[in-house]
Amino acid sequence: GLSLAAPGGTGTPSRLTEVRMQGAEVVLAAPRGYCFDPKMLRRDAADGFALLPRCDLLGGPGFFGSRNAGVITATFGELPAKGRVPSVSDLAASTPGAHIVARRENGPLPLVKLDMPGHSAAGASPEHWRGAMVLEGHVIVLALYAPAKSPLLTERGAALLEQMAELTREASRPEP
């Protein structure tokens, strides 16, 4: 008969590609090929955090084993009462010592590529993509870290974060 078991035997944990935040009508959705790391997940809508490595590297010794390996982070918080979507300048200003290498402001997610020499993601380039969106009264900041010279530090990485923003908006839409 038809087996629905995940490949690699029955012990494989199911891949987490959508996460509902607690206290918000928001579902974070992973872009294609990426999965939420359940050990690094904080579902609290006021102070949430998610880490998304590539699914095939989840649980491995290091997330940056290959030049194509990126890690996405999502931080989640409440939008202040008079808040607005953070602009790309706000994103740069929120990161002391960072300067903007590139910006993409016309897509579904306004993005900056920041050069941030002192960040803490081991093995990653000091350059990374960062963008912010507002959904259901919450601010979601997405960032993508990748090794130096990775193709993900080009437009490809920007497109990945835009895809996550669009999938998250779709997943969060109330049932009709």
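Here's what I pulled together on the structure shown here. Keep in mind the model is a prediction, meaning the values are calculated, not measured.

What counts, and at which threshold
Residues numbered from 1 in each chain as written. Predicted model: local features only at pLDDT ≥ 70, side-chain atom pairs only at ≥ 80, totals over all residues. Heavy atoms only, no water. Helix = DSSP H or I, 4+ residues; strand = E, 2+ residues; numbered from the N terminus. Expected span 1.5 Å × (residues − 1). Buried < 20%, exposed > 50% of the residue type's maximum accessible area, 1.4 Å probe, protein only. Core = buried A, V, L, I, M, F, W, Y, C linked by side-chain atoms within 4.5 Å. Contact = heavy atoms within 4.5 Å. Disulfide = S-S within 2.5 Å. Pairing = 2+ DSSP bridges.

**Here we look at helix α2 (residues 155-172)**
Then step 1. Between its terminal C-alpha atoms α2 stretches 26 Å, which fits the 26 Å expected from 18 residues at 1.5 Å a residue.
Then step 2. Among all positions in α2, only Gly 157, Ala 158, Leu 160, Leu 161, Glu 162, Gln 163, Met 164, Ala 165, Thr 168 and Ser 172 are buried.

**Side note on the nonpolar core**
Across soluble globular proteins, nonpolar side chains have a tendency to be buried as a group.
Then step 1. One finds Leu 28, Phe 36, Leu 52, Ile 72, Phe 76, Ile 140 and Leu 161 to be the most contacted residues of the largest nonpolar core, which totals 30 residues.
Then step 2. In terms of residue count, the dominant contributor to this core is α2 (five residues).
Then step 3. Setting aside anything within four residues of it in sequence, one finds Phe 76 in contact with Met 21, Ala 24, Val 26, Leu 28, Asp 44, Ala 45, Ala 46, Asp 47, Gly 48, His 138, Val 139 and Ile 140.
Then step 4. Counting 10 residues, the second largest nonpolar core, distinct from the first, contains Ala 92, Ala 98, Met 116 and Val 141.

**Concerning the state of the cysteines**
Where two cysteines share a covalent bond between their sulfur atoms, that bond is called a disulfide.
Then step 1. On inspection of all chains with the given rule, the structure shows one disulfide.
Then step 2. Disulfide pairing places Cys 35 opposite Cys 55 at an S-S distance of 2.1 Å. Here Cys 35 and Cys 55 share a disulfide; its torsion about the S-S bond, 90°, makes the bridge right-handed. You can see Cys 35 sitting in the loop between β2 (27-29) and β3 (47-53) and its partner Cys 55 sitting in the loop between β3 and β4 (71-78), a full 20 residues away along the chain. The pair formed by Cys 35 and Cys 55 is uniform in burial state, with each residue classed as buried.

**Notes on the pairing of β4**
Within a regular beta strand, the side chains point alternately toward one face of the sheet and then the other, so they alternate between its two faces.
Then step 1. Within β4, six of the eight residues are buried, leaving the element largely enclosed by the surrounding structure.
Then step 2. Direction of pairing for β3 relative to β4: antiparallel, over a ladder of seven bridges. Across the sheet, the residue bridging to Pro 53 is Val 71, located in β4.
Then step 3. The pairing of β4 with strand β8 (residues 138-145) spans eight bridges and is antiparallel. Within β8, the residue paired with Glu 78 across the bridge is His 138.

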